[in-house]
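So the chains spell out like this:
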Amino acid sequence: MSAIFGNFFMAVRGIGSNWLRTFLTMLGVLIGVASVIVLLAIGTGSSQSIEKSIQSLGSNTLTVFSGSRSGSSSGTQIRNSTLNIASVTALSSSVNDPDVKSVSPVVTTSLSATYDGTSYTTSVIGSTSSYLTAENYTVSAGRSISHSDVVNHAQVIDIGSSVASALFATGSDPLGKQVQLGSSDFTIVGLLASKGSSGLSNEDAVVIAPYTAVQDQLTGESQSFSELLVQGKSSSTLSLAESEVESTLASLNDTTVSSLPFTVIDSASLLTAATSSSKTFTALLGWMAAVSLLVGAIGVMNIMLVTVTERTREIGIRKAIGARKVIILTQFLIESMVISFLGGICGVFAGILVSRFKIDGVKPVLASYSIPLALGVAISVGIVAGFYPAYRAASLRPIDALRYE
Amino acid sequence: MSHVTSPTPIIAMKDIVKSYMMGEVEVLATRGISLSVQKGEFVAIMGMSGSGKSTLMNIIGCLDVPTSGHYRLDGVNIRHLDDRALSQIRNKKIGFVFQGFNLISRMAAIQNVELPMAYAGVRTKERRKRALAALNMVGLSDRLDHFSSELSGGQQQRVAIARAMCTNPALILADEPTGNLDSRSSAELMTLFSGLHDQGRTIVMITHEPDIAEYASRVVILRDGAIVSDKPQSSSRAVSYELEMSGAPLLGQVRAQD
């Protein structure tokens, strides 16, 4: 046992005797381990931000789009395939759709908002006050657009925090100011609290107005909506609400659910899809990192082979004076394990350090499992990459090794 | 075999044959060597290159196993021992002194001396004590922490002797110990070996230098893988080695002695 313990110091001395080479070898493991940690952190960070942004869409909402899910619905005579106020009224009926809490018609466009010579391109959403609730927007100052604004085609808007900060100097109060959207002036009546940035789109770069005013002034569309935002009563009854919405729309359009000229998407399935794709993304990053760790492992093995060759004579001496095979084996194994473990530790610190910075717009989030994983792999790398060279050293015949020049 | 008198010789070899395959041809490095060395003897094994003395030294040192024949080292039968057992035999029974010193350059003198004891499982304190005593005996107590690059050839070889001594082996096996030394260092080293011999140590030394062989109490001469002469030192002189090693004239006489 003491021989093996002594072996450890022998190994450390061996490593120290050629520190530059040892450092370069360790660098391979270091980069491998650090990239495992950083890439997994990027994967985790981006999947968290995707989840957050989907959650901020509203957790129990359905979105109804114009257009068939199967793409073509030829053969069926569609009399009215647009989403209009009749659809909203039908879906709002508590008799046919008991699990629907609210239905918000949505008209969207993208425009330049101008105030006092400053312009800012933003998405403009024409809807009703229920849209704000369904989309989890809260009003931080002023008021939200109201039912009477919709009825009166009032040119009033609630603006998102990005729009406010782009158009107005800090300290000035945007409430009551007139903003030019397209060729019309709208009055700011409310400020929306920031929903925070998300990986997908900036949900604070938004202007919300009564859909009637948007149709009148901006889109020129007469009666149709680009989508309907349906809020379910609870997330557990969302699938019930979805089938209710589909059958209501089918009967309204004199067609069957299967040939419905609309698509209904629920936010939960969107979340599931996004989560699974971000998991794939994380796994892909993990594999890329694993490849760089593999390269590091090859580096360790290479240098251990060189070391064994260089020290053939030393191995011969050790064997001649009585070192057993297992002693030589452990000496070189410990050496490669120390190299990869030190490289691994430095890699963990490097990985944690790099993960503190925002990379390509993604804030990396350290995955708790990545550190023990990377360290475990680093030590395994030491064992696996060190084993063959160590075994070769241990198997040398002392007379051959002693004769080696 | 006039030397086989004690019941437990340190070396007891009978008909040792070692053959190698050189491509398709079988080469006999030793052709049936029988040798017995008693405790306390100082034997010089002489021979020219190709005489089989290196092969014999490898077999005596348990670095190699014979193709056939019997070999007992200090009563232990070497045939059929595995790698691990041979390591232990080398560690416990033999102290090696090589021509090229063979110290581990990354380790200080005292660490080199301690190494075989570490492999034998001797505790650290005891190890240090014995290493200090051994280095003191070879006159290097002021060079404990020097590395081999900081020591002269003679000093390195004395460290090697200290390393060979410290496990208290049954046999000290020296392979051309003065081969890399100047004549003054050689004389100093041989005085050291003579001192060990006087203390009752058993020493087998391979050499091709007659004046080095003179320090031994018995001289064995090899030629073509066989023993051609085996005499106590008193009956031989350096001049006669030269004759015997150089060729035939004395062969008949040697055969007669066998």
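Not measured: the values here are computed from a predicted model.

Quick notes on the overall build of chain B
Check the secondary structure of chain B and you find 9 helices and 10 strands. Restricting to contacts in chain B with at least 6 residues of sequence separation, those with at least 24 account for 69%.

Considering the overall build of chain A
Counting its regular elements, chain A contains 13 helices and 10 strands. For chain A, the proportion of its 405 residues judged to be buried stands at 44%. Considering only contacts within chain A whose residues lie at least 6 apart along the sequence, 85% involve residues at least 24 apart.

Looking at the packing of helix 3 (residues 85–92) of chain A against helix 8 (residues 238–252) of chain A
Residue and element names in this part refer to chain A. Running from N to C, helix 3 and helix 8 cross one another at 130°; their axes reach a closest spacing of 10 Å. Put simply, helix 3 runs oblique to helix 8. The handedness of the crossing between helix 3 and helix 8 comes out as right-handed. For the pair helix 3 and helix 8, contact is made by Ala86, Ser87, Ala90 and Leu91 and by Val245, Thr248, Leu249 and Leu252, respectively. Split by residue class, the contact of helix 3 with helix 8 holds 6 nonpolar, 2 polar and no charged.

Things to note about unusual backbone geometry
Residue and element names in this part refer to chain B. Notably, Glu176 is not glycine yet its phi reads approximately 45°, a positive angle. We note that Asp224 has phi near 50°; this positive angle belongs to a residue other than glycine. Residue position: Asp224 is located in the loop between strand 9 (218–223) and strand 10 (226–232).

A few points about helix 3 (residues 109–120) of chain B
Counted residue by residue, helix 3 of chain B has 11 buried out of 12 residues, so it is predominantly covered. Gly121(B) lies just past helix 3 of chain B and shows a positive phi near 85°.

Things to note about the nonpolar core
Where a protein is soluble and globular, its nonpolar side chains tend to be buried together. Val33(A) and Ala162(B) are the most contacted members of the largest nonpolar core, which totals 119 residues. For this core, the element with the highest residue contribution is helix 2 (residues 19–56) of chain A, accounting for 13 residues. In this structure, Val33(A) is in contact with Leu293(A), Gly343(A), Gly344(A), Gly347(A), Val348(A), Gly351(A), Ala374(A) and Ala378(A), ignoring residues within four places of it in sequence.

Thoughts on the interface of chain B and chain A
Facing 19 residues of chain B, the contacting portion of chain A comprises 17 residues. Broken down by secondary-structure element, the contributors of at least two residues to the side of chain B that touches chain A are helix 2 (83–93) and helix 3 of chain B. The element best represented in the side of chain B that touches chain A is helix 2 of chain B, accounting for 6 residues. Broken down by class, the residue content of the side of chain B that touches chain A amounts to 8 nonpolar, 6 polar and 5 charged.

Section: helix 4 (residues 124–137) of chain B
Side chains three or four residues apart in an α-helix point the same way, a direct result of the helix having 3.6 residues per turn. All names here are of chain B. Taking 1.5 Å per residue as the helical rise, helix 4 with its 14 residues ought to reach 20 Å, and the 20 Å between its terminal C-alpha atoms agrees with that figure. For helix 4, every residue scored as buried is listed here: Arg127, Ala131, Ala134 and Leu135. Looking down the long axis of helix 4, one finds its buried residues gathered within 95° of arc, a one-sided arrangement. Opposite the buried face of helix 4, at more than 90 degrees from it, the exposed residues are Lys125 and Glu126.

What to know about the sheet that holds strand 2 (residues 25–37) of chain B
All names here are of chain B. The sheet built from 4 strands is open, its strands ordered 2-1-4-5 with antiparallel pairing. A strand with exactly one partner marks an edge of an open sheet, and here the two such strands are strand 2 and strand 5 (76–77). Alignment of strand 4 (residues 68–73) against strand 5, held across 2 bridges, turns out to be antiparallel. Within the sheet, the bridge partner assigned to Arg72 lies in strand 5 and is Asn77.

Examining the sheet that holds strand 8 (residues 203–207) of chain B
Residue and element names in this part refer to chain B. Taken together, the 6 strands give an open sheet; going across it, the order is 6-7-8-3-9-10, and neighbouring strands pair in mixed fashion. The strands lining the two open edges of the sheet, one partner per strand, are strand 6 (94–97) and strand 10. Ignoring which end each strand starts from, the neighbouring axes of this sheet average 15° apart. In terms of strand pairing, strand 3 (residues 42–46) meets strand 9 through 4 bridges, oriented parallel. Bridge pairing in strand 9 links Val43 to Arg218.

Description of the confidence of the model for chain B
Detailed conclusions should not be drawn from predicted coordinates in areas where pLDDT is low. Residues and elements named next belong to chain B. Scored by pLDDT, chain B comes out at a mean of 85, with 88% of its residues at no less than 70. A low-confidence stretch, residues 235–239 stays under pLDDT 50, and its non-local contacts, those more than four residues away or across chains, total 6 contacts. In this model, residues 248–258 is a region of pLDDT below 50 whose contacts with residues beyond four sequence positions or in other chains number 7 contacts. Taken over the whole predicted complex, pTM reads 0.67, whereas the ipTM for its chain interfaces reads 0.85.

Describing the environment of Ser49(A)
The topology assignment puts Ser49(A) in helix 2. For the pair Ser49(A) and Val362(A), spaced 313 residues apart in sequence, the C-alpha separation works out to 8.2 Å.

Re the environment of Gly117(A)
Residue and element names in this part refer to chain A. Looking at the element boundaries, Gly117 is found in the loop between strand 2 (100–115) and strand 3 (118–127). Classification of Gly117 as exposed rests on a count of 5 C-beta atoms within 10 Å. The sequence separation of Gly117 and Leu167 amounts to 50 residues, and the corresponding C-alpha distance is 9.0 Å.

Comments concerning the packing of helix 9 (residues 267–310) of chain A against helix 11 (residues 325–355) of chain A
All names here are of chain A. One can describe the packing of helix 9 onto helix 11 by two numbers: an axis separation of 11 Å at closest approach and a directional angle of 140°. Overall, the two elements helix 9 and helix 11 adopt an arrangement that is oblique. Crossing geometry of helix 9 relative to helix 11 is assigned as right-handed. The segment helix 9 lies against helix 11, with Val300, Met304 and Val308 engaging Phe332, Ser336, Ile339 and Ser340. Of the residues in the contact of helix 9 with helix 11, the class split is 5 nonpolar, 2 polar and no charged.

Considering the confidence of the model for chain A
All names here are of chain A. When pLDDT is averaged along chain A, the result is 83, and 89% of the positions lie at 70 or above. Looking over chain A, one finds the lowest element-wise mean pLDDT in helix 1 (residues 2–16), namely 64, and the highest in strand 5 (residues 156–159), namely 93. Here residues 69–80 is a poorly scored stretch, pLDDT under 50, and it has 13 contacts once near neighbours within four places are set aside; other chains count.

As for the environment of Leu270(A)
You can see Leu270(A) is positioned in helix 9. Here the alpha-carbon distance between Leu270(A) and Glu51(A), two residues 219 residues apart in the chain, equals 9.7 Å.

The rules behind each value
- Residues numbered from 1 in each chain as written.
- Chains lettered and ligands numbered in written order.
- Predicted model: local features only at pLDDT ≥ 70, side-chain atom pairs only at ≥ 80, totals over all residues.
- Helix = DSSP H or I, 4+ residues; strand = E, 2+ residues; numbered from the N terminus.
- Contact = placed C-beta atoms within 7 Å.
- Buried ≥ 20, exposed ≤ 12 C-beta atoms within 10 Å, placed from the backbone.
- Axes fitted to C-alpha atoms, helices over the stretch in contact; angles between N-to-C directions.
- Parallel < 35°, antiparallel > 145°, perpendicular 65-115°, else oblique.
- Left-handed = near helix turned anticlockwise from the far one by under 90°.
- Nonpolar A, V, L, I, M, F, W, Y, C, P; charged D, E, K, R; others polar.
- Core = buried A, V, L, I, M, F, W, Y, C linked by C-beta atoms within 7 Å.
- Expected span 1.5 Å × (residues − 1).
- Arc of directions from axis to C-beta.
- Pairing = 2+ DSSP bridges.
- pLDDT = per-residue confidence, 0-100.

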